[in-house]
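Residues per chain are reported as follows:
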Amino acid sequence: MAKISVIGLGNMGVPMAGNLVKQGHEVAGFDLVATNMGQAASRGVTGRKSAADAATDVDIVVTMLPAGKHVLEVYGAGMLKAAKPGTLFIDSSTIDVASARGAHKLAGDAKMLSLDAPVSGGVGGAEAATLTFMCGGSKDAFEKAKPILEAMGKKVVHCGDAGAGQAAKICNNMILGISMIGVSEAFVLAEKLGLSHQALFDVASTASGQCWSLTSYCPVPGPVPASPANNNYKPGFASALMLKDLKLAQEAAAAAGATTPMGAAAAQLYGLHNAWGEGGTDFSGIIHLIRGKSQ
Ligand code: NAD
């Protein structure tokens, strides 16, 4: 069993750390917010005084933080100095590709192993240990991380070198944001044409319009009972997080010289959805913006 620290004990970090405890690992953690430390303690996580303290005398450090600047801040704030050489640093936050590569460089310069390993699956997946991890980094780092990630998820994919996990995450979520808007537009058009939601679903779900946003996460109540549309659009995956990922995709596209007009349009529409006060609702609630009516 490994000695592991988790830095960032928020909505995702607490259940992820709890699953590591359940698998018999010795788990410590740190968060800036005392109540979050309390939540983690109730799942068997030992509190530490700082990120640097948490990185002392452990085999693996997992970070689960809001953005790239927080990851670079904790990597730079003594964690790498405090850790023993060869410690594996896994960053599971969703951050920009440039910061992810910066974090790998800091870790490599300090003679540490490192992996970017963002997740999909949300809080539900974190609780149920069914997350998908998309990993970027060396083969050695990946092999060492794999059994630990498998304690928190059901699928662990090595996508390539430093930053490849973050690249996979934002490319996937760009598809998701665009496809949810497309599916929402189709349902709103169907409403105007007098076609029932169920009839459109029955045809499109088995025809060429089929996609995950339709068949697993349908943005209207009825056809897919488990979709957030049936639960008053409670997330799920909040619109604010979708906007964050679409902005990261746009930043990456600009830096790499890629043309992503649909991704840009999706980022703008989710920006409006958030400005409408809907950032806390599920991202499938974008259908209300398309319809021009809040629910
Ligand atoms: P969250 O805001 O609930 O948790 C982040 C935690 O980091 C907070 O508790 C905050 O206090 C802590 N923190 C910030 N700066 C810190 C520092 N310097 N040292 C220690 N702790 C610090 O966010 P979350 O929902 O848990 O998401 C974490 C990451 O996972 C984000 O990058 C997010 O985009 C990604 N993610 C979230 C979801 C989701 O559904 N919530 C899904 C996939 C990916």
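This structure is a prediction, so every number in the text was calculated from the model and none was measured.

(A) Here's a closer look at the packing of helix H4 (residues 68-82) against helix H5 (residues 97-109). At a minimum axis distance of 9 Å, the contact between H4 and H5 shows a crossing angle of 10°. Classified by the angle their axes make, H4 and H5 are roughly parallel. Touching Gly68, Val71, Leu72, Tyr75 and Leu80 of H4 are Ser99, Gly102, Ala103, Leu106 and Ala107, all from H5. In terms of residue class, the contact of H4 with H5 is made up of seven nonpolar, three polar and no charged.

(B) Broad picture of the side chain of threonine 281. With respect to the helices and strands, the residue threonine 281 is situated in the loop between helix H12 (261-278) and helix H13 (286-291). The class of threonine 281 is buried, set by a relative accessible area of 16%. Within polar-contact distance, the side chain of threonine 281 engages the backbone oxygen of glutamate 278 at 2.8 Å.

(C) Representation of H4. Here H4 spans 21 Å end to end across 15 residues, near enough to the 21 Å set by a 1.5 Å rise per residue. Helix geometry: H4 is bent most strongly at glycine 76, by close to 50°. Listing the buried residues of H4 in full gives Gly68, Val71, Val74, Tyr75, Met79 and Leu80. On its buried face, H4 sits against strand E1 (3-7), helix H3 (51-55), strand E4 (60-63), strand E5 (88-91) and H5.

(D) Here's a closer look at the environment of alanine 103. For alanine 103, the location among the structural elements is in helix H5. When the C-alpha atoms of alanine 103 and threonine 130 are compared, they prove to be 26 Å apart, with 27 residues separating the residues in sequence.

(E) A look at the domain arrangement of the protein chain. By domain assignment, the protein chain separates into domain 1 (3-161) and domain 2 (167-291). Computed from C-alpha atoms alone, the centre-to-centre distance between domain 1 and domain 2 is 29 Å. Opposite the ten residues of domain 1 that make contact, domain 2 presents eight residues. In total, domain 1 and domain 2 occlude about 730 Å² of area from one another, counting both sides; carbon and sulfur atoms represent 67% of this.

Conventions adopted
- Residues numbered from 1 in each chain as written.
- Predicted model: local features only at pLDDT ≥ 70, side-chain atom pairs only at ≥ 80, totals over all residues.
- Heavy atoms only, no water.
- Axes fitted to C-alpha atoms, helices over the stretch in contact; angles between N-to-C directions.
- Helix = DSSP H or I, 4+ residues; strand = E, 2+ residues; numbered from the N terminus.
- Parallel < 35°, antiparallel > 145°, perpendicular 65-115°, else oblique.
- Contact = heavy atoms within 4.5 Å.
- Nonpolar A, V, L, I, M, F, W, Y, C, P; charged D, E, K, R; others polar.
- Buried < 20%, exposed > 50% of the residue type's maximum accessible area, 1.4 Å probe, protein only.
- Polar contact = N/O pair within 3.5 Å; in protein donor to acceptor, adjacent residues only side chain to side chain.
- Expected span 1.5 Å × (residues − 1).
- Bend = angle between axes of the 7 residues up to and from the residue.
- Domains from an automatic or database assignment.
- Buried area = accessible area lost by both parts, 1.4 Å probe.

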